Amino acid sequence: QVQLVESGGGLVQAGGSLRLSCAASGSGFSVKDMAWHRQAPGKQRELVASITSGGRTNYDGSVKGRFTISRDNAKNTVFLQMTSLKPEDTAVYYCYAVIMRSYESPYWGQGTQVTVSS
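To start, this report covers the structure provided alongside it. (Residues numbered from 1 in each chain as written. Predicted model: local features only at pLDDT ≥ 70, side-chain atom pairs only at ≥ 80, totals over all residues. Heavy atoms only, no water.)

## Concerning the overall build of the chain
What counts, and what does not: Each helix is a run of H or I in the DSSP string that is no shorter than four residues. Each strand is a run of E no shorter than two, and both are numbered from the N terminus. Both definitions apply: the radius of gyration is a C-alpha atom measure, and the globule rule equals 2.2 Å times residues to the power 0.38. Working definition: with a 1.4 Å probe on protein chains only, accessible area under 20% of the residue-type maximum means buried, over 50% means exposed, and in between means partly exposed. Residue exposure ignores everything except the shown protein chains as possible cover, and the areas themselves are Shrake-Rupley values with a 1.4 Å probe. When charges are counted, Lys and Arg contribute as positive and Asp and Glu as negative, whereas His and the chain ends are disregarded. Charge positions are represented by NZ for Lys, CZ for Arg, CG for Asp and CD for Glu.
Regarding its fold elements, the chain presents zero helices and 11 strands. The order of α-helices and β-strands along the chain, N terminus first, is β-β-β-β-β-β-β-β-β-β-β. Here the C-alpha atoms of the chain give a radius of gyration of 14 Å, agreeing with the 13 Å that 2.2 N^0.38 yields for 118 residues. Each principal axis of the C-alpha atoms in the chain carries an extent, and together these give about 45 × 25 × 25 Å. A burial count over the chain gives 42% of its 118 residues as buried. Accessible surface, the chain as shown: approximately 6200 Å² in total, 46% of it carbon and sulfur. In the chain, 12 positive and 8 negative side-chain charges are present, and the distance between their average locations comes to 2 Å.

Structure (structure tokens):
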């Protein structure tokens, strides 16, 4: 069984920074694309940033220049460095990964709350 375990959320003032981490645990798998999504109250879940196994990244326009996604392939871990945080970044952030075992499957983390106060 593969699990995605997130950490690093919390409460921060506007203009501050936070770093999220998500590690895939289990055995007998490899990790392909990884990403962070977020869901604010009353809104649909949206893609924040993604990264391929080769390191190619993609960002939503609202976070470009403020957030950085990276990964450590040896540790099956993805990070999201968030800077210049705004109140509108407040949401539950979810880690996402495409896991390869016998076949490819999507996995989600449990979510971590990020709250930015004004």
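## Things to note about the layout of surface pockets
So the rule is basically this: Using a 1 Å grid laid over the protein atoms alone, points where a 1.4 Å probe fits but cannot get out form a cavity; open sets with protein on both sides within 12 Å along at least 5 of 7 lines form a pocket; any residue with an atom within 4 Å of a point counts as lining. Grid points are joined across faces, edges and corners, and a volume is the space filled by probe spheres set on the points. For this scheme, ten residues count as nonpolar: Ala, Val, Leu, Ile, Met, Phe, Trp, Tyr, Cys and Pro. Four count as charged, namely Asp, Glu, Lys and Arg, and the remainder, Gly too, count as polar.
Estimated volume of the largest pocket: approximately 190 Å³. For the largest pocket, the lining is made up of 13 residues, of which Arg38, Ala40, Lys43, Glu46 and Glu88 are closest to its centre. Taken together, the residues of the lining of the largest pocket break down into two nonpolar, four polar and seven charged.

## Some remarks on unusual backbone geometry
Phi is positive for asparagine 76, which is not a glycine, with a value near 50 degrees. Of note, serine 84 is a non-glycine position whose phi angle comes to about 45 degrees, a positive value. Among the secondary structure elements, serine 84 is positioned in the loop between strand S8 (77–82) and strand S9 (91–100). Looking at serine 84, the relative accessible area reads 40%, which means it is partly exposed.

## A word on the pairing of strand S4 (residues 30–39)
Cut-off, in case you're wondering: Pairing between strands is defined by DSSP: at least two bridges between them are needed.
In this structure, S4 lies alongside S9, joined through eight bridges in antiparallel fashion. Residue arginine 38 lies in a different strand from S9, and its bridge partner there is tyrosine 93. Taken together, the five bridges between S4 and strand S5 (residues 46–51) define a ladder with antiparallel strand orientation. Its bridge partner lying in S5, alanine 35 is registered against serine 50. Between S4 and S5, which pair antiparallel one after the other, the connecting turn spans six residues, and glycine 42 there sits at a positive phi close to 75 degrees.

## Focus on the side chain of arginine 71
Put simply, the rule reads: Each reported salt bridge corresponds to a side-chain nitrogen of Lys or Arg within 4 Å of a carboxyl oxygen of Asp or Glu. Polar contact criterion, stated in full: a pair of N or O atoms within 3.5 Å, where within protein one must be able to donate a hydrogen and the other to accept it, and residues adjacent in sequence count only if both atoms are side-chain atoms. We call two residues in contact whenever any of their non-hydrogen atoms come within 4.5 Å of each other.
For arginine 71, the position within the fold is in strand S7 (residues 67–72). Lacking a salt bridge, the buried arginine 71 has aspartate 33 as its closest oppositely charged neighbour, with an N-O distance of 5.4 Å. Here the side chain of arginine 71 touches threonine 52 through a polar contact of 3.1 Å, landing on its backbone oxygen. Among the polar contacts made by the side chain of arginine 71, one reaches the side chain of asparagine 73 at a distance of 2.6 Å. Contact partners of arginine 71, with chain neighbours within four places excluded, come to Val31, Lys32, Asp33, Met34, Ile51, Thr52, Ser53, Thr77, Val78 and Phe79.

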